[in-house]
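For reference, the chains in residue letters:
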Amino acid sequence: MKELVVIGNGMVGHRFVEALLDRDRAGHWNITVIGEEPRTAYDRVALSSYFDGATAHDLSLGDLTGPRVTVHTGERATAIDRAARTVTTSTGRTLTYDRLVLATGSTPFVPPVPGHDLPGCHVYRTLDDLDAITDRARGARTGTVIGGGLLGLEAANALRLLGLRTHVVELAPHLMPAQIDQGAAALLEHLVTGLGVHVHTGTSSTAVRPGPTGHAAHLDLDNGTRLDTDLVVFSVGIRPRDELARACGLATGERGGITIDDTCTTSDASILAIGEAAHHRGTVYGLIAPGNAMAEVAADRLTGGTATFTGADTSTKLKLLGVDVASFGDAHGRTPRSLDVVVNDAAHHRYAKLVLSDDATTLLGGILVGDAGAYATLRPMVGSPLPGDPLALITPHGAPPPGAHTLPETAQVCSCNAVTKGDLLSAIAHGAHDVPALKACTKAGTSCGSCTPALAQILTQAGITQTKALCEHFPHSRTELLEIVRATGTRTFSALIASHGTGNGCDICKPAVASILASLGNGHILDGEQASLQDTNDRHLANMQRNGTYSVVPRIPGGEITPAKLITIGEIARDFDLYTKITGGQRIDLLGARLEQLPAIWARLVQAGFESGHAYGKSLRTVKSCVGTTWCRYGVQDSTALAIRLEERYRGLRAPHKLKAAVSGCARECAEARSKDFGVIATDKGWNLYVGGNGGFTPRHADLLATDLEESDLIRHIDRFLMFYIRTADRLQRTSAWIEAMDGGLDHLRDVVVHDGLGIAAELEAAMERHTATYTDEWADVLADPDKLARFTTFANAPTTPDPTITFTTTRDQPVPTTPVHLAMPTTRP
Amino acid sequence: MTTAYATSTTWIDACASSRLHTDDGIAVLLPGGRQAALFRTRDGHLYALDNIDPYTGAAVLARGIVGDRAGTPTITSPLLKHTFDLRTGHSLDSPHVRLTTWPVRDTGTTVQIRTPLAAP
Ligand SMILES: Cc1cc2nc3c(=O)[nH]c(=O)nc-3n(C[C@H](O)[C@H](O)[C@H](O)COP(=O)(O)OP(=O)(O)OC[C@H]3O[C@@H](n4cnc5c(N)ncnc54)[C@H](O)[C@@H]3O)c2cc1C
């Protein structure tokens, strides 16, 4: 069992331990929580309800119970010794940890104005703070809140409920500057003033002055005003509690906060930070939802998961002093050339603003004050095309836009294909958990592609984390890793994980990095350390079958083969007693070879002029063809010759996933080119190039990329297409899914491949030239290298003994694996 | 206990030390016909566990990928990608599935596995 220490028993620390207990069924972690407050975690978000009759007990989040959890309240962590991995506390306790989680939250910032520490000066963060304010309010007449933000207004309401005459002082020109604009604030101020709160904006406090008893009695403002006040509450912002982290040398943000990556890990791999104490990609979140998301990620990571935190929505909706206020998306219209649609109805106490894209079609954000009823409808529409006239959405008496009342369910997200948000949600509920899957089952985003970003958002809103992290060892996507490898010239997995990852890697990142290294040209895939990274089939250059034997597929370019070669294959199959079958890619599969037989089989194949067919690799498989003009009376071009040329050009090219291709000699399409990653169909003027086709699990016809190309142009286009795919696709993403997920879809692809819109065509072509210039047959290389040949033994201590668990029976005159004994426990997972 | 071990188990030679590369498993035939998958991890630890993937019955674990999950050293089967704790043999997918493990040592020239003298 390993030791986990959590510092901070606030909302996020509590949520984290709950999440961990939930996931850590096996009981890997023994958890100790240190909390400075005298009580266990409570609902700080609902803190103000304490003045509305809620008790501390009502606010409590409950006890963390379990045999493996100990919570120490009223105890502060005072130091972290990273070298010794210990935490010291205010009671002198020393705790040893394997992993440490910092959930220390934040503390209200008290500006250093003279008198800020007089009795009567308070902050508004904990139940103890509220008790102190309540005590002080007895016998007091006036209270002032410094800070007119979200929390300041909550504090102001508290003072009002305590029966005090209440002032709010805000430095900015208007209330809640972070969330709302001038127009909304004007209404808010009007409503707040109507409740008896005195609002002073555009001014700051210069000093708190004591009265005769030494308590706070006056507040001086820089506009010359002096307010009489018995009580001052500072609410001008919060500062992350990163003092422990700083003291032990962890990286922190410029403006505070313990710096974490997408896995919530700090600059010390053994220490995580979550909640308001954390600084993630330049942001410290002062809201509970991002904190909870981090708690989930941290818990997932500590139990072997690969979840990531990549930022969070900061939309807010609250009832402040009985006034609805909501702010979402780009509420301030910071997007260049964005347009505003505003309804400012002072008579009915309503303000609503929508921020739209420069063409007024897409909702970017908004602000609602007075009546935030439309918030639930509008917020989900951020980033997607508006279903109708924007004004109608925020005009209560205007004609309701189509479906606006029941949004988000009926909001049309994809107008090209009439796909509603409801359709998308039900597809998500049925298991479409990423953008390509959503597109495949709803067709949304398959036409103009402009709603692709909205699909991702809807997935996020549905609670599906769109993580780009490859796995727990790398926070990067495959594309990012490829760029890192290219930019740094890293040549080994060890170096890459040491510089950019954590831990030792796994069955996800190792093959992915191996593929990247291979795509960028890194010698033989079984050279040195690379061998240990290769996935099942690549590891022994053959496809592993269910009983641990392998299939062997020699390359037969274009499906064209001489009788002599056919006979050789037959003889080899006969001599090694292999099962043979014709594949869908116009070649021959030899099944049932034992690991130690592979070199002998390949020695004969290579001798007969065969090369590896890469049936085992995420690489070019075959270029299928018809017989073309040579034989066919309908053919218009020589499809077989082209198929052979293409197969020989791209053989051995490692990619994010397998690549299949075909060439048809006329529009009858006998080679089924439109079901391939790239397909070529002859025209009487040249060749049409299709891309992104797929058979398999999600069939898709390839899209026409370019027409009537000469052969040299055709090859240039394919070079660019394949290299662009290799550079930018996700791990195990076929070209079809890659195009579907691409921002701008096929048009963007065409722009890059045909029109060189990104100016990278020459580089992509050069990369392909390097590939073709350095290609060698992998199997011939193995046969020439005793070190690699040594891998092809079943037992290191008994090289001549075959695996006794492998047995065959005969079916239809061929050997097949003996039906496996059904084991008691097996459950397979995808 | 110690005596029991001494009388019923023995160290058998698995392979030359130079033959077992980091994170790159090999299979070893044990007396009595069982098979061990033998691994050396990055930090120099040696592990031996049953070579048979209990989910498929195929003797292939030595050909899997070595790695870690939240710091736990693991081996992932090449067939259906089930993952096991290298130290204990426990399946990370279903805690009730556990592979036999054997003690391993490197004498400096030879990697050895300690196994019962006869098949269990
Ligand atoms: C009045 C109020 C209203 C709010 N309203 C909203 C809202 O409407 N919506 C919203 O999203 N968010 C709201 N928030 C913010 C929300 O409460 C915080 O985002 C959330 O509590 C953050 O959780 P945390 O665990 O990171 O920090 P905290 O809840 O502050 O917990 C941190 C804990 O760590 C303890 N600690 C710190 N250092 C140590 C140490 N060295 N040793 C031991 N313990 C230590 C602290 O005492 C504290 O108990 C509100 C906050 C306040 C104060």
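Computed from a predicted model, the values in this text were never measured in an experiment.

Draft legend 1. Region of the structure containing the overall build of chain A. A count of helices and strands for chain A gives 27 helices and 38 strands. Considering only contacts in chain A between residues 6 or more positions apart, those separated by 24 or more positions represent 61%. With the model as given, the accessible surface of chain A reaches about 34200 Å², and the carbon-plus-sulfur share is 52%.

Draft legend 2. Here's a closer look at the interface of chain B and chain A. The partner chain A presents 51 residues to the 43 residues of chain B that form the contact. In this structure, the connection of chain B to chain A is made through five salt bridges. The residue K81 of chain B makes a salt bridge to D535 of chain A at a minimum N-O spacing of 2.6 Å. On inspection of chain B and its partner chain A, the count reaches 20 residue pairs in polar contact (both at pLDDT 80 or more). With five residues, strand β5 (residues 65–69) of chain B is the largest single contributor of residues to the side of chain B that touches chain A. Across the side of chain B that touches chain A, the residue classes break down as 21 nonpolar, twelve polar and ten charged.

Draft legend 3. Spatial organisation of the site of the ligand. Residues and elements named next belong to chain A. E37, R44, R125, E276 and I288 are the nearest of the 31 residues found near the ligand. One of the side-chain N or O atoms of R125 is found 2.5 Å from an oxygen atom in the ligand. One of the side-chain nitrogen or oxygen atoms of R241 is found 3.5 Å away from a nitrogen atom of the ligand. Going through the elements one at a time, α1 (11–23) and α4 (150–161) are the ones with two or more residues in the shell around the ligand. Per-element tally for the shell around the ligand: the top contributor is α1, with three residues.

Draft legend 4. Here's a closer look at the environment of W102 of chain B. Residue and element names in this part refer to chain B. Mapped onto the elements of the fold, W102 is located in strand β8 (residues 101–102). Among the residues examined, W102 registers a relative accessible area of 10% and is labelled buried. Not counting the four nearest positions on each side in its chain, W102 is found in contact with L30, R34, Q35, A36, A48, L49, D50, I113, R114, T115 and P116.

Draft legend 5. Spatial organisation of the pairing of strand β2 (residues 26–29) of chain B. Residues and elements named next belong to chain B. In β2, alternate side chains face the same way, and those of I26 and V28 on one face and A27 and L29 on the other are all buried. Here β2 pairs with strand β3 (residues 35–40) via four bridges, running antiparallel. Looking at β3, one finds that L29 is bridged to Q35. Between the antiparallel neighbours β2 and β3 lie five residues, among them G32 with a positive phi of about 95°.

Draft legend 6. Quick look at helix α19 (residues 598–607) of chain A. All names here are of chain A. Every buried residue of α19 is accounted for by L598, P599, I601, W602 and L605. End-on, the buried residues of α19 take up no more than an arc of 155°, which puts them together on one face. Of the residues flanking the end of α19, it is G609, one or two places downstream, whose phi is positive at about 95°.

Draft legend 7. Structural detail: the pattern of salt bridges. Residues and elements named next belong to chain A. Across all of its chains, the model carries 52 salt bridges over all chains by this definition. When the shortest N-O distance is used, the salt bridge between R574 and D575 registers 3.1 Å. Ionic contacts of the salt-bridge type, sharing partners, join the residues R15, R23, E296 and D300 into one network.

Draft legend 8. Structural view of the pairing of strand β4 (residues 46–50) of chain B. Residues and elements named next belong to chain B. The buried fraction of β4 is high, at five of five residues. Pairing geometry for β3 and β4, over five bridges, is antiparallel. Considered in β4, the bridge of R40 is made with L46. Here β3 folds back onto β4 in antiparallel fashion, the turn holding five residues, of which G44 has a positive phi close to 90°. Sheet topology note: the β4/β8 ladder contains two bridges and is antiparallel. Each residue of the ladder has a partner; that of A48, found in β8, is W102.

Draft legend 9. Broad picture of unusual backbone geometry. Positive phi is not limited to glycine here, since L541 of chain A has a value of about 50°. Relative to the elements of secondary structure, L541 of chain A occurs in the loop between α17 (536–539) and β28 (543–544). Among the residues examined, L541 of chain A registers a relative accessible area of 1% and is labelled buried. At K81 of chain B, a position not held by glycine, the phi torsion is positive, near 65°. Its location among the elements puts K81 of chain B in the loop between β6 (72–76) and β7 (83–85).

Draft legend 10. Looking closely at the nonpolar core. Residue and element names in this part refer to chain A. In this structure, L646, F678 and L749 are the most contacted members of the largest nonpolar core, which totals 57 residues. Per-element tally for this core: the top contributor is helix α22 (residues 711–728), with nine residues. Each of domain 3 (478–534) and domain 4 (620–774) contributes no fewer than three residues to this core. A77, C248, I258 and A277 belong to the second-largest nonpolar core, a separate cluster that totals 45 residues.

Draft legend 11. A look at the sheet that holds strand β7 (residues 99–102) of chain A. All names here are of chain A. With respect to topology, five strands assemble into an open sheet ordered β3-β2-β1-β7-β19, the strand pairing being parallel. Both edges of this open sheet fall to β3 (69–72) and β19 (271–273), since each of them pairs with a single strand only. For this sheet, the mean inter-axis angle between neighbouring strands, taken without regard to orientation, is 15°. Of the strands in this sheet, β1 (2–7), β2 (29–34), β3 and β7 are in contact with α1, which crosses β2 at around 170°.

Draft legend 12. Quick peek at the sheet that holds strand β1 (residues 9–16) of chain B. Residue and element names in this part refer to chain B. Overall, antiparallel pairing links the three strands, which are arranged β1-β10-β9 in an open sheet. The open sheet terminates on both sides in strands that have one partner only, identified here as β1 and β9 (104–106). Between one strand axis and the next, the sheet turns through 30° on average, direction left out of account. Summarising the sheet, β9 and strand β10 (residues 110–116) pair through three bridges and their orientation is antiparallel. Bridging from a neighbouring strand, V104 pairs with I113 of β10.

Draft legend 13. Here's a closer look at the environment of L250 of chain A. Residues and elements named next belong to chain A. Relative to the assigned elements, L250 resides in the loop between α6 (243–247) and β18 (258–260). Since its relative accessible area comes to 5%, L250 is described here as buried. Separated by 16 residues in the primary sequence, L250 and T266 place their C-alpha atoms 7.0 Å from one another. L250 has contacts with R82, L102, A245, I258, T266, S267, D268 and I271, leaving out every residue within four places of it along the chain.

Parameters at a glance
Starting afresh in each chain, residues are numbered from 1 along the sequence in its written order. The order in which chains are written sets their letters, starting at A; the order in which ligands are written sets their numbers, starting at 1. The model is predicted, so local features are restricted to residues of pLDDT at least 70 and side-chain atom pairs to those at 80 or more, both for listing and for counting; the totals for chains, interfaces and linings are taken over all residues. Hydrogens and water are ignored here; the side-chain numbers use all heavy atoms of the structure. Secondary structure follows DSSP: runs of H or I at least 4 residues long count as helices, runs of E at least 2 residues long count as strands, and numbering of each begins at the N terminus. Throughout, a residue-residue contact means that at least one pair of heavy atoms, one from each residue, lies within 4.5 Å. Every accessible area reported is derived by Shrake-Rupley at a probe size of 1.4 Å, with residue values counting cover from the shown protein chains alone. What makes a salt bridge here is a side-chain nitrogen of Lys or Arg within 4 Å of a carboxyl oxygen of Asp or Glu, nothing more. Polar contact is defined as a pair of N or O atoms within 3.5 Å, subject to the rule that within protein one atom must be able to donate a hydrogen and the other to accept it, and that residues adjacent in sequence are counted only when both atoms are side-chain atoms. We call Asp, Glu, Lys and Arg charged. Ala, Val, Leu, Ile, Met, Phe, Trp, Tyr, Cys and Pro are nonpolar, and the rest, Gly among them, are polar. Neighbouring residues are identified by heavy atoms, a residue being near a molecule or strand if any of them is within 4 Å of it. Accessible area is worked out with a 1.4 Å probe on protein chains only. A residue is then buried under 20% of its type maximum, exposed over 50%, and partly exposed in between. At least two bridges found by DSSP between two strands is the condition for calling them paired. Starting at the helix axis, one direction is taken to each C-beta atom, and the arc is that of these directions. Residues belong to one nonpolar core when they are buried, are Ala, Val, Leu, Ile, Met, Phe, Trp, Tyr or Cys, and are joined through side-chain atoms within 4.5 Å. Just so you know, the domain bounds were taken from an automatic or database domain assignment. All axes here are fitted lines through C-alpha atoms, helices being fitted over the stretch that makes contact, and every angle between N-to-C directions spans 0 to 180 degrees.

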